[in-house]
Amino acid sequence: MSDLNQNKIIIAIDGYSSCGKSTVAKEIAKKLNYIFIDSGAMYRAVTLYCLRAGMVVKGEINLPVLLENLKKIRITFVFNPVTAHNDVCLNGENVEQEIRQLAVAQNVSQIAAIGAVRQLLVAQQQEMGRSKGIVMDGRDIGTVVFPNAELKIFMTADARIRAQRRYDEMIAKNEPVDFDEILKNITERDRFDETREESPLRKAADAIVLDNSHMTRDEQFEWILKKVEERVS
Ligand code: DC
């Protein structure tokens, strides 16, 4: 464990939506005493800003207005002592819960495809990784944000299994949900993220694939931890 703490590295976790990237990334960060950053939360917070400001009409973003207002959007993180993780804040307001709503999920891919939004957030993400000792999950972490990360993992799982996990989570929170709607949202977002022009979701050449369709959380955790040990020893 001492080596694990001395040689701090950057761990980039990319992959499809609802693969459980953040869940395992948080556990790994806690174990290693690293910072964990959910980069998707940053794109979701920008999306929430756009929705609140009425910039999304019938599913279409008003791009000129967003570009004009981009400087007014400040995304930060605050430590939540209850969960022991960082919550995302939009202009100082903790929006960690609100960004998980379906309205945000339905519009975030479109906003994450805008070059100016990506430039703004990627610069912040790179700054957060300057001292290493960070686990960041997203879609372009190993390809764009930290192309020199010591460990890159590309996570994937069967779409129906991912939809079922998301469904179970929302049911547990007493949120009204429809399985088919979740499955549709997941597959549409994946297709959109993979085919967009700006930093599309793709596996970095040096990333290792983790298909967790039939793995428990503990198995995924142990799998990643072993890869970390190989990198820092
Ligand atoms: O991981 P997530 O589902 O919370 O991400 C929300 C959206 O943000 C997802 O549709 C793709 C986008 N995203 C991105 O384009 N780049 C990232 N680094 C992280 C997320």
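Scroll up a little and you will see the structure.
As the structure is a computational prediction, the values presented were derived from the model and not from experiment. (Residues numbered from 1 in each chain as written. Predicted model: local features only at pLDDT ≥ 70, side-chain atom pairs only at ≥ 80, totals over all residues. Heavy atoms only, no water.)

A. How the structure looks around the packing of helix 3 (residues 39–52) against helix 5 (residues 102–112). Their axes nearest at 8 Å, the elements helix 3 and helix 5 cross at an angle of 105°. In this view, helix 3 runs roughly perpendicular relative to helix 5, as classed from their interaxial angle. Contacts from Tyr43, Arg44, Val46, Thr47, Leu48, Cys50 and Leu51 of helix 3 reach helix 5 at Ala103, Val104, Ala105, Asn107, Val108, Ile111 and Ala112. A class-by-class count of the residues in the contact of helix 3 with helix 5 yields 11 nonpolar, two polar and one charged. (Axes fitted to C-alpha atoms, helices over the stretch in contact; angles between N-to-C directions. Helix = DSSP H or I, 4+ residues; strand = E, 2+ residues; numbered from the N terminus. Parallel < 35°, antiparallel > 145°, perpendicular 65-115°, else oblique. Contact = heavy atoms within 4.5 Å. Nonpolar A, V, L, I, M, F, W, Y, C, P; charged D, E, K, R; others polar.)

B. Up close: the state of the cysteines. Under the definition given, this model contains zero disulfides. Unpaired in this structure, Cys89 has its nearest cysteine sulfur neighbour in Cys50, at a distance of 17 Å. (Disulfide = S-S within 2.5 Å.)

C. Up close: the packing of aromatic side chains. Scanning the model with the defined rule gives two aromatic pairs in all. Taking 5.8 Å as the distance between ring centres and 80° as the angle between the ring planes, the aromatic pair formed by Tyr16 and Phe154 counts as edge-to-face. One end of the pair, Tyr16, is in the loop between strand 1 (10–15) and helix 2 (21–32); the other, Phe154, is in strand 9 (residues 151–156), and 138 residues separate them in sequence. Tyr16 gets classed as buried once you look at its relative accessible area, which sits at 18%. Phe154 sits in the buried class, given a relative accessible area of 8%. Ring centres of Tyr167 and Phe179 lie 6.1 Å apart, and the angle between their planes is 75°; this geometry places the pair in the edge-to-face category. Taken together, the positions of Tyr167 in helix 8 (residues 159–172) and Phe179 in helix 9 (residues 179–195) put the pair 12 residues apart, joining distant regions of the chain. (Phe/Tyr/Trp six-rings, centres within 6.5 Å; stacked < 30°, edge-to-face > 60°. Buried < 20%, exposed > 50% of the residue type's maximum accessible area, 1.4 Å probe, protein only.)

D. Fine view of the pattern of salt bridges. Following the criterion strictly, the structure yields 15 salt bridges and no others. The salt bridge partner of Lys132 is Glu150, with a shortest N-O separation of 2.3 Å. With Lys132 in the loop between helix 6 (115–128) and strand 8 (134–138) and Glu150 in the loop between helix 7 (141–145) and strand 9, the pair connects residues that are 18 residues apart, well separated along the chain. Overall, Glu150 belongs to the partly exposed group, its relative accessible area being 28%. A salt bridge links Arg139 to Asp193; its shortest N-O distance comes to 3.4 Å. Of this pair, Arg139 sits in the loop between strand 8 and helix 7 while Asp193 sits in helix 9; the two residues are 54 residues apart in sequence, bridging distant segments of the chain. By relative accessible area, which is 14% here, Arg139 ends up buried. Residues participating in the shared-partner salt-bridge network are Asp38, Glu96 and Arg100. (Salt bridge = Lys/Arg side-chain N within 4 Å of Asp/Glu carboxyl O.)

E. Up close: the site of the ligand. As a structural note, the neighbourhood of the ligand is formed by 15 residues, with Arg44, Arg118, Asp140, Arg189 and Arg196 the closest of them. Arg118 places a polar side-chain atom, nitrogen or oxygen, 2.8 Å from an oxygen atom of the ligand. Asp193 is positioned such that a nitrogen or oxygen atom in its side chain is 3.2 Å from an oxygen atom of the ligand. Relative to its unbound accessible surface of 450 Å², the ligand loses 96% to contact with the protein. Elements supplying a minimum of two residues to the shell around the ligand: helix 3, helix 5 and helix 9. With four residues, helix 3 is the largest single contributor of residues to the shell around the ligand. The class makeup of the residues in the shell around the ligand is four nonpolar, four polar and seven charged. (Near = heavy atom within 4 Å. Polar contact = N/O pair within 3.5 Å; in protein donor to acceptor, adjacent residues only side chain to side chain. Areas by Shrake-Rupley, 256 points an atom, 1.4 Å probe, with all protein chains shown as cover.)

F. Region of the structure containing the pairing of strand 1. Buried residues dominate strand 1, accounting for six of its six residues. Neither face of strand 1 is exposed, since Ile10, Ala12 and Asp14 on one face and Ile11, Ile13 and Gly15 on the opposite face are all buried. Both strand 1 and strand 8 contribute to a ladder of five bridges, which runs parallel. Counted as the bridge partner of Ile13 is Asp137 from strand 8. Note: strand 1 against strand 9, five bridges, orientation parallel. Across the sheet, Gly15 pairs through a bridge with Met155, a residue of strand 9. (Pairing = 2+ DSSP bridges.)

G. Here's a closer look at helix 6. Given a rise of 1.5 Å per residue, 14 residues ought to cover 20 Å, and the 20 Å separating the end C-alpha atoms of helix 6 matches this to within 8%. All buried positions along helix 6 are accounted for by Gly115, Val117, Arg118, Leu121, Val122 and Gln125. Along the axis of helix 6, the buried residues cluster in a sector spanning 140°; they form a single face. Structurally, helix 6 contributes buried residues whose contacts are with helix 3, helix 4 (63–69), strand 5 (75–80), helix 5, strand 8 and helix 7. (Expected span 1.5 Å × (residues − 1). Arc of directions from axis to C-beta.)

Geometric values such as these leave the question of function open.
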